[in-house]
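Listed below are the residues making up each chain.
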Amino acid sequence: MKTATLLRMRESSLRSYLLAVCCGILGYIIGSVPSSTKYNLEGQVDIKSSTQPIENDTDTLMREIDVVSGLNNSIDESFVHLPTKKSLIEEIMPPKLQPVYEILQFNVTRSMLRQSRPVIGNTQRLHHYLKKLRNKECTTVLFMGGSVTAGHNAGGPQFAYPTLFIDWLNEVYPCVSANGTVGKHERIPSAPGIKNSQTAFLYFSSIRSIEKLDLVFTEFNVNDAFLAGYPPHALKNETHDNYATECEVERPIESDGYYASAFYFEVLLRRLLLLRKPDPIAIVTFNADYTGRPWNTALGIDRMSLFRKNMEPTKLWISSMYEIPVFSAVSWMLPLAGKKGSELQFSKTYEFGTKSWHADQCCHPKKYGHRILSLVIAFCLLEEERVLSSHQYSNRADIERDFTADPIPFMREPLYLNPEEDIAYVSSIDVEEGMIDFTNPDEKKEWEGKVAVNEGWMWYADNKFNDKYGLITNNSAGKSHVAISLTGGKNGLVEVSYVVSYETFGRGLAWLDDSLDNTKQDLCKKVLYPCKTNKGDDTKWRIHKSLTCRRYVEGIDMILNGIWSNNASTQLVTLLRKKIPLGEHKYLHICLTPRDASSPGTDNKFKLLSVRTF
């Protein structure tokens, strides 16, 4: 009995002791927590000193949480918040850059940034890059992306996240140039024509031509949503090989494009993994933004798409299979945007909403939003450097090694490419291709002599920043004609790339010929109407609820339709039906047809971007 009583007394004393210790620790934690963050009537945050006592009134704290999370619907639409976690900015940003990040699009927390690594991937290449930074080696960084990467509607490239990131890189990791002087990390501008995974496929030669390359970001989450449903470069494609039917019908141009995105994105990753500049380059998939429009409709075709035209799940899947690290703002931003319902998501009063985040109806962050994108990249790199410093991966199994970075790289079997496509588009890309690129000013001398006939076409840049070049014609009466000299490549394929938009653009006819003359002049004078039931009239072209007929009159290889229903302008690629045998010479003719009165806008414009034989 005495023993039992003694044990109970000891247990009681031990419980009391542990309770006292816990209370002491809790008191220490409470005393160490930064002071209460107080908000003014407009939702502004005043950062107080951490030495001030914290207010423990639950109702007050909950009201403050409501303001932070955007529940206060009276917040002015133009208001942007100071970061609630000033220590987070001080931790990530060097003193010189901290003033830039004092104003962000919305409050950013550490838990948000922690969600920016949805795929860790194989970090061997990324660690190699971080070691270069530690050794003060000056590096080169390539950002491949669309208008988000270019800073559209955010003030231009100088305010865009790539510029902000390079500024951060130079402050945090100063480097020494080869001659021993203070150097700079450099951002390599992407080729003007690279806007999505498909155009990265088209203009990859510009990446191969880069002498030194250390780190690549691919940002195609938005623009890949506008790809057609079936990739024209897929070999043994029945829709291109079989023309026995009256009308070749392809998927709707509004289709989700997941397969096309997967096809071209996989080609891009496989090419980058094999590239040596001169070392294996570090590759990061960066999901910077999402398309806002599909989330603004309660009903409709967008709800029937797999992921509401958000390409991130596709990017995550392919990146994870190739063990490519993913940095993402979308992974946490999109759930927050729609967390309180679609009505509030598109209300300017909700700071995390799509309407507040985007500068327009599509997909372009505001200037303060680009600071958050730069913050995401910086946070992810610093976190990875901490992992590198801790030697957490020093005991990796051999199977975890990056076999693609070996002296003789070993690549996994493709997910979407068949063996023939992998040979044609990945392992044989060093073979010279016959590319005529109208988007690159540096290559003008290369293609000028190949434009054999020019009737009404001009080469210029037609955007505000004067950097989107192309061979352009604009004539309501049509008739403009160009003939381009081509030589057949290994596969005999002829690829044509042009702009498609929702207004002011028209349609063209394309065909191959031995003659320089416009032998289809009569057809070029005829308006192309949407064809309905007119079987006998093969000069007309049929569209029925976005199903496009492409069975044309004899001698016409392709109608190049520059009009679509998406409220966006992008690049479209197609392959001609006819082939040019290896080494043989042909002329590619393109003529603009007269404007269809039912087409949106008043102009009748056509913009040719590139032609390639391979």
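Everything below is about the structure printed above this text.
What counts and how
- One numbering rule holds for all chains: residues counted from 1, following each sequence as written.
- Per-residue local features are limited, in this predicted model, to residues with pLDDT of at least 70; the limit for side-chain atom pairs, both in listing and counting, is 80 or more; totals at the level of whole chains, interfaces and linings are taken over all residues.
- Working from all heavy atoms in the structure, the side-chain values ignore hydrogens and water.
- Counting from the N terminus, the helices are DSSP H or I runs at least four residues long and the strands are E runs at least two residues long.
- Residue exposure (1.4 Å probe, protein chains only): buried if accessible area is under 20% of the type maximum, exposed if over 50%, otherwise partly exposed.
- To obtain an axis, a line is fitted to C-alpha atoms, over the contacting stretch when the element is a helix, and the angle between two such axes runs from 0 to 180 degrees between their N-to-C directions.
- Oblique is the label for every angle not falling under 35 degrees (roughly parallel), over 145 degrees (roughly antiparallel), or within 65 to 115 degrees (roughly perpendicular).
- When the near helix sits turned anticlockwise from the far one by under a right angle, the crossing is termed left-handed; a clockwise turn instead gives a right-handed crossing.
- In this description, contact between two residues means that some pair of their heavy atoms is separated by no more than 4.5 Å.
- Residue classes follow a fixed rule: Ala, Val, Leu, Ile, Met, Phe, Trp, Tyr, Cys and Pro count as nonpolar, while Asp, Glu, Lys and Arg count as charged, and any other residue, Gly among them, counts as polar.
- Salt bridge criterion: a side-chain nitrogen from Lys or Arg within 4 Å of a carboxyl oxygen from Asp or Glu.
- By this definition, two strands are paired if DSSP reports at least two bridges between them.

Q: Where do I start with the environment of Gly 155 in this structure?
A: In this fold, Gly 155 is placed in the loop between β3 (140-145) and α6 (161-172). Gly 155 sits in the partly exposed class, given a relative accessible area of 39%. Through-space distance from the C-alpha of Gly 155 to that of Lys 366 is 8.4 Å; in sequence the pair is 211 residues apart.

Q: Sorry if this is basic, but what is going on with unusual backbone geometry here?
A: Among all residues except glycine, the phi angle is most often negative; among peptide bonds, the trans geometry is most common. Cis rather than trans, the peptide bond between Lys 277 and Pro 278 has omega equal to -10 degrees. Counting through the fold element by element, Pro 278 comes out in the loop between α10 (258-274) and β8 (282-287). Located in the positive-phi region is Lys 136, a residue other than glycine, with phi close to 60 degrees.

Q: What's the story with helix α5 (residues 124-134) in this structure? I'm lost.
A: Given 3.6 residues per helical turn, the α-helix brings residues three or four places apart onto the same face. Every buried residue of α5 is listed here: Arg 125, Leu 126, His 127, Tyr 129, Leu 130, Lys 132 and Leu 133. Looking one or two places after α5, you find Lys 136, whose phi comes out positive at around 60 degrees.

Q: I keep staring at the packing of α10 against helix α17 (residues 419-427) and nothing clicks. Help me out?
A: Two elements in contact, α10 and α17, have axes whose closest approach is 10 Å; the angle formed by their N-to-C orientations is 55 degrees. The orientation of α10 with respect to α17, classified from their angle, is oblique. The crossing of α10 and α17 is right-handed. On α17, the residues touching Phe 263, Val 267, Arg 270, Arg 271 and Leu 274 of α10 are Glu 421, Asp 422, Tyr 425 and Val 426. Class assignment for the residues of the contact of α10 with α17 results in five nonpolar, no polar and four charged.

Q: What's the story with the pattern of salt bridges in this structure? I'm lost.
A: Pairing is possible between side chains of opposite charge, provided their charged atoms come close. A complete count under the given rule lists 21 salt bridges for this structure. Between Lys 444 and Glu 448 there is a salt bridge, with its nearest N and O atoms 3.8 Å apart. Pair noted here: Lys 444 and Glu 448 are both in helix α18 (residues 444-448), with a separation of four residues, about one helical turn. Its salt-bridge partner being Asp 514, residue Lys 586 comes within 2.9 Å of it at the nearest N-O pair. Placement of Lys 586 in strand β22 (residues 585-592) and of Asp 514 in the loop between β16 (507-513) and α19 (521-524) is noted, with a sequence separation of 72 residues between them. Assessed through its relative accessible area of 54%, Asp 514 is described here as exposed. Salt bridges sharing common partners tie together Lys 132, Glu 137, Lys 212, Asp 214 and Asp 279.

Q: I tried to follow the sheet that holds strand β7 (residues 215-219) on my own but got confused; where do I start?
A: Each strand in a sheet pairs with its neighbour through backbone hydrogen bonds, running either in the same direction (parallel) or in the opposite one (antiparallel). The sheet built from five strands is open, its strands ordered β6-β3-β7-β8-β9 with parallel pairing. Of all strands in the sheet, those bounded by a partner on one side alone are β6 (186-188) and β9 (326-328). Sheet twist, expressed as the average angle between the axes of neighbouring strands with direction ignored, equals 25 degrees. Relative to β6, β3 runs parallel, the two being bridged by three bridges. Note on β6: the bridge partner recorded for Thr 140 is Glu 186.

Spatial relationships are all this shows, so hold off on functional conclusions.
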